[in-house]
Amino acid sequence: MASSLEEYRRKASFDVQKMSMEIEPQENREIKRKVWQFLASNPLFHEDYNRNGDSQQAKDRTAKQLKVFLSSSGLFTHIDDLTYATRTKYLLLVNEGLEIYNANLSIKLALGVMMFSNALNCLGTERHQQFYKDIWAGKTLSCFAITELEHGSDTKELKTSAEYDHSTKEFVINTPGIGAAKCWVGNLGQQSTHALLMAQLVVNGTCHGLHGFVVPIRDPETLRPYLGITVGDIGEKSGLHGIDNGFIMFKNYRIPRENILNRLADVNEQGEYQTFTDPLRMLGASLEILSAGRVGILNESSNCILRAVVIAVRYAAQRRQFRDSNGVEKPIIEYQTHQYRLMPYLAATYAIRNFAIEFSKQYVHCVGLSRDDSVDMTGVYQSVGGIHALLCCSKSLVTWTTQKAIQEVREACGGHGYHKAAGLGDLRNNHDPRVTFEGDNTVLLQQTSNWLLKLYNETSDRDFSKYPLCLVKFLTNVDSILQKKFVGRCKEDVCNISFVTECFEWLVCWLLKQTNEKMSALLAKHNDRFIARNECQVFKAKELSLVFAEYVIISHFKAKIDACHDPAISSVLRNLCSLYGLWCLHSHLSLLYQGGYCNTPALADCLSDGVLSLCEAIKPEAVGLVDAIAPPDFILNSAIGCYNGKVYENLMNAFRKIENGHFPLEYPDFWKSKL
Ligand SMILES: Cc1cc2nc3c(=O)[nH]c(=O)nc-3n(C[C@H](O)[C@H](O)[C@H](O)COP(=O)(O)OP(=O)(O)OC[C@H]3O[C@@H](n4cnc5c(N)ncnc54)[C@H](O)[C@@H]3O)c2cc1C
């Protein structure tokens, strides 16, 4: 049968190559291409999508892959020559390139090498250089040990302690009971030789709060744990089978004084606690250490939605079900419900990818400034607060959107979407914990709403243009924005980016005002900020943070489109941006009516019509749009999402493959024994 994928490919109104370049800078694509070339050239990385194996095999395989990737890819030979900012950007891109193919390997590398070396850079000093060199030489492997059995989000309650013993100039680490066992720590279960441990620092009987320590865990030669440590694997998980997540407990375990990461605070030769309190620089350092992982997640998650959408759109253009009244069997992409299921996620993918790229660029720039001693930190300080707030809500929105998209896409690909060879099951399971680690989404959203409320109540300095990445300048005009009402009558009035941004500005202002009013009333009633914050989350602060994240992502997409000079490209991007915006706004209709933005059915009608007509308009562009962002087939690794559209040949090959030593046409073992 002729491939209808090719027919849809021909319908695109723009140049796919140019679109690809518009969305992602050439230099970024070049770095990822090198990663992919290496993976394709070495059989150790050839993931067979039919391979089940047990999780121990997956862990062993990932460990071997990491060793080879570090030593032979040639991708890390020059990283020490790069400036901090360029190196961070480079490593984020290598991680992204790996992640889209193999989440286990990228996480193992990120935790085991990249984040550890970044932490040494941010929190450590010259005296930690040997750890830095060993990790990049592949002699050691690290992990990040923060979470404990009884506490995760509430890091203040962590109980593992590191008490300074001046007589030996050592820290003595202890786990006071099983509740304080560090757990879920990636790489710790079987392979880490070192941990970056967050523990309560105690000096002369005084607790100074959480500090970072480099703690040797296992002998790098034998992988045998040291005395005083109980360490092991936490067992089977729902996904990420290649990562050995572990737990650890300490009993009077000693490490040298020099192992405290001492860029911000130290215990000196005399056994006294010292802080180097330039609060602005401390904030910069916290941004680097806390945010790098979340920026990584933003990029990883944006690649997961991309992968899901590429597979589903190509499949939808191929897969035919039911004949129309002319007897023509229709590709499922022609069905309205199918367009409504996929096109908004395609639009979301473009908006989110653009945001992740732009955010990473600005984040790296800001971190670079915070490390430059000649820079006045006041401006950087402003950016840091905004970047943190924006990262908290965008990490939440992007990971949740991707989680929903993968599930929708799995269903949109029917039964075949459930086959391991489709790649969607692993994608879903491996992506899932991103909504939890590096900060649980719901908890993170509170940080964004707190920041927005702080701005709203700012009386002395209401110049909000100092947060360029957050685009909150409009908050200076809350009252006039809230005067606006919906005046549209038909879908043409809403299918444009100006309407979308105006409507979002109204919604953010309304939610901000509402949340603030509720918070003030609760504070007056209870005189307790903890209770007040808790009781204004649902329907108020949480929505505020998510709507704000949508607004910023859309605004960055708009800026991208405004700067695009190719009319064919910008016209399609404009439709994508409008669709993503209207689709989000449609889900907030009850809030828009509740706030009185419109009091006739016109708004609901216009938004519904607008979404449907944009889905229809994007349909013929969809295959071109996914081709422009898709990685090569080897990396996409999906039987149903290949560029050439050979869905059925690929699936039949997958069905007939020898799996775990069994040929599918053979009798099963249990039956053979009876014969
Ligand atoms: C696959 C995976 C890998 C991980 N890797 C690591 C690692 O390498 N190192 C490490 O240290 N940790 C790791 N973790 C742990 C992870 O960081 C924590 O799970 C995460 O920080 C959330 O903490 P928690 O599990 O204790 O959840 P909790 O804090 O107990 O939260 C449980 C639920 O309660 C809600 N909740 C909590 N507090 C509030 C509040 N104030 N208001 C409203 N709701 C609230 C949350 O929204 C959440 O839904 C990993 C976890 C997973 C799943």
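Everything numeric here is computed off the predicted structure, so don't read it as measured data.

Novice: Got a minute to help me understand the overall build of the chain in this structure?
Specialist: Helix and strand counts for the chain stand at 23 helices and 13 strands. Radius of gyration (C-alpha) of the chain: 26 Å, near the 26 Å computed for a compact globule of 675 residues. Here the C-alpha coordinates of the chain stretch approximately 90 × 80 × 50 Å along the principal axes. Residue burial in the chain is summarised as follows: out of 675 residues, 54% are buried. Here the chain carries 72 positive and 74 negative side-chain charges, and the mean point of each set is 3 Å from the other.

Novice: How should the domain arrangement of the chain be read in this particular structure?
Specialist: One widely used convention gives an interface's size as the accessible area the parts lose upon coming together. Taken domain by domain, the chain consists of domain 1 (1-18 + 284-675) and domain 2 (142-280). Taking only C-alpha atoms into account, the centre of domain 1 sits 36 Å from that of domain 2.

Novice: Please explain the pairing of strand β5 (residues 194-203) as it appears in this structure.
Specialist: The side chains of a regular strand alternate, residue by residue, between the two faces of the sheet. Taken across its 10 residues, β5 has 10 buried, putting it largely inside the fold. Bridge count between strand β1 (residues 142-145) and β5: four bridges; the pairing is parallel. The residue of β5 that forms the bridge with Ala145 is Leu197. Where strand β2 (residues 161-165) lies against β5, three bridges are found, and the strand directions are parallel. Paired with Ala162 across the strands is Leu201, a residue of β5. Pairing of β5 with strand β6 (residues 206-216), which is carried by nine bridges, proceeds in the antiparallel orientation. Counterpart to Leu197 in the pairing with β6 is Phe213.

Novice: What exactly am I supposed to notice about the UniProt feature "binding site: FAD" (unreviewed entry) in the chain here?
Specialist: Using the residue numbers shown here, the UniProt feature "binding site: FAD" (unreviewed entry) corresponds to Thr147 and Gly186. These annotated residues cover 40 residues of sequence, but their C-alpha atoms sit close together, with the largest distance between any two at 10.8 Å. Of the residues examined, Thr147 reaches a relative accessible area of 30% and is grouped as partly exposed. Excluding residues within four positions of it along the chain, Thr147 makes contact with Gly152, Ala181, Lys182 and Cys183. Mapped onto the elements, Gly186 comes out in the loop between β4 (182-185) and β5. For Gly186, the residues in contact, after removing those within four places along its chain, are Leu111, Ser142, Cys143, Ile243, Asp244 and Asn245.

Novice: How do you make sense of the packing of aromatic side chains when you look at a structure like this?
Specialist: Given two aromatic rings, their pairing is described by the distance between the two centres and the angle made by the two planes. Within this structure, the stated rule accounts for 17 aromatic pairs. With a centroid separation of 6.2 Å and an interplanar angle of 45 degrees, the aromatic rings of Phe486 and Tyr597 are classed as tilted. A residue pair is termed long-range when its members are at least 10 positions apart, and Phe486 in the loop between α13 (478-482) and α14 (497-526) and Tyr597 in the loop between α18 (589-594) and α19 (602-618) qualify at 111 residues. Residue classification places Phe486 among the buried positions, given a relative accessible area of 11%. Between Tyr580 and Trp583 the ring centres are 6.3 Å apart and the planes differ by 40 degrees, which places this aromatic pair in the tilted class. Highlighted residues: Tyr580 and Trp583, both in helix α17 (residues 567-586), separated by three residues, approximately one helical turn. Note on accessibility: Tyr580 and Trp583 belong to one class, buried. An aromatic cluster is present here, built from Phe38, Phe45, Phe69, Phe76 and Trp136 joined pairwise through their rings. When the ring centre of Tyr643 is taken as origin, the NZ or CZ atom of Arg9, which lies over that ring, is 3.6 Å away.

Novice: What exactly am I supposed to notice about the environment of Arg29 here?
Specialist: With respect to the helices and strands, Arg29 occurs in helix α3 (residues 26-41). Separated by 553 residues in the primary sequence, Arg29 and Leu582 have C-alpha atoms spaced 30 Å apart. Ignoring any residue separated from it by four or fewer positions in sequence, one finds Arg29 in contact with Ser20, Met21 and Glu24.

Novice: Sorry, what's going on with a nonpolar patch on the surface here?
Specialist: On the surface, Tyr667, Phe670 and Trp671 cluster together to form a nonpolar patch covering roughly 380 Å² of accessible area. Summarising the element assignment, Phe670 is placed in helix α23 (residues 669-672).

Novice: It is not clear to me how the pattern of salt bridges should be interpreted in this structure. Could you clarify?
Specialist: Side chains that differ in charge, positive against negative, can pair when their charged atoms come close. Inspection of every chain in the model, using the stated rule, returns 32 salt bridges. One salt bridge in this structure joins Arg254 and Asp165, with 3.1 Å as the shortest N-O distance. Taken as a pair, Arg254 in strand β9 (residues 253-256) and Asp165 in strand β2 lie far apart in primary sequence, 89 residues in all. Between Asp324 and Lys330 there is a salt bridge whose closest N-O contact spans 3.7 Å. Look at the salt bridges and you will find they share partners, linking Glu6, Arg9, Arg314, Asp627 and Asp633 into a network.

Novice: Is there a simple way to think about the nonpolar core in this case?
Specialist: Considering soluble globular proteins, one finds that nonpolar side chains tend to be buried as a cluster. Counting residues in hydrophobic clusters, the biggest one holds 189 residues, and the most contacted among them are Phe69, Phe76, Tyr350, Leu475 and Phe499. With 16 residues, helix α9 (residues 336-370) is the single largest residue contributor to this core. Summarising the domain contributions, this core has at least three residues from each of domain 1 (1-18 + 284-675) and domain 2 (142-280). When near neighbours in sequence (up to four residues on either side) are disregarded, Phe76 contacts Phe69, Leu70, Leu91, Val94, Leu109, Met114 and Trp136.

Novice: So what exactly am I meant to see when it comes to the site of the ligand here?
Specialist: What surrounds the ligand is a group of 16 residues, the closest being Phe144, Ile146, Thr147, Ser153 and Asp440. In the environment of the ligand, a nitrogen atom lies 2.8 Å from a nitrogen or oxygen atom belonging to the backbone of Phe144. With respect to the ligand, the backbone of Trp184 contributes an N or O atom lying 2.9 Å from a nitrogen atom. In isolation the ligand offers 970 Å² of accessible surface; the protein chains occlude 63% of this area. The biggest single contributor to the shell around the ligand is helix α12 (residues 441-456), with three residues. Taken domain by domain, the shell around the ligand gets at least three of its residues from each of domain 1 (1-18 + 284-675) and domain 2 (142-280).

Novice: What is the right way to look at the packing of helix α2 (residues 16-23) against α17 in this model?
Specialist: When two helices pack together, their arrangement is given by the angle between the helix axes and by the axis-to-axis distance. α17 packs onto α2 with a crossing angle of 65 degrees between their chain directions and a minimal axis gap of 10 Å. The handedness of the crossing between α2 and α17 is right-handed. Along the contact surface, α2 presents Lys18, Met19, Glu22 and Ile23, while α17 presents Ile569, Val572 and Leu573. Tallied by class, the residues present in the contact of α2 with α17 amount to five nonpolar, no polar and two charged.

Calculation notes
- Residues numbered from 1 in each chain as written.
- Predicted model: local features only at pLDDT ≥ 70, side-chain atom pairs only at ≥ 80, totals over all residues.
- Heavy atoms only, no water.
- Helix = DSSP H or I, 4+ residues; strand = E, 2+ residues; numbered from the N terminus.
- Rg over C-alpha atoms; globule rule 2.2 N^0.38 Å.
- Buried < 20%, exposed > 50% of the residue type's maximum accessible area, 1.4 Å probe, protein only.
- Lys, Arg positive; Asp, Glu negative; His and termini not counted.
- Charge placed at Lys NZ, Arg CZ, Asp CG, Glu CD.
- Domains from an automatic or database assignment.
- Pairing = 2+ DSSP bridges.
- UniProt positions renumbered as here; feature names shortened; annotations may be inferred.
- Contact = heavy atoms within 4.5 Å.
- Phe/Tyr/Trp six-rings, centres within 6.5 Å; stacked < 30°, edge-to-face > 60°.
- Lys NZ or Arg CZ within 6 Å of the ring centre and 35° of its normal.
- Patch = residues over 30% accessible without salt bridge, like charges linked within 9 Å, V, L, I, M, F, W, Y side chains within 5 Å.
- Areas by Shrake-Rupley, 256 points an atom, 1.4 Å probe, with all protein chains shown as cover.
- Salt bridge = Lys/Arg side-chain N within 4 Å of Asp/Glu carboxyl O.
- Core = buried A, V, L, I, M, F, W, Y, C linked by side-chain atoms within 4.5 Å.
- Near = heavy atom within 4 Å.
- Polar contact = N/O pair within 3.5 Å; in protein donor to acceptor, adjacent residues only side chain to side chain.
- Axes fitted to C-alpha atoms, helices over the stretch in contact; angles between N-to-C directions.
- Left-handed = near helix turned anticlockwise from the far one by under 90°.
- Nonpolar A, V, L, I, M, F, W, Y, C, P; charged D, E, K, R; others polar.

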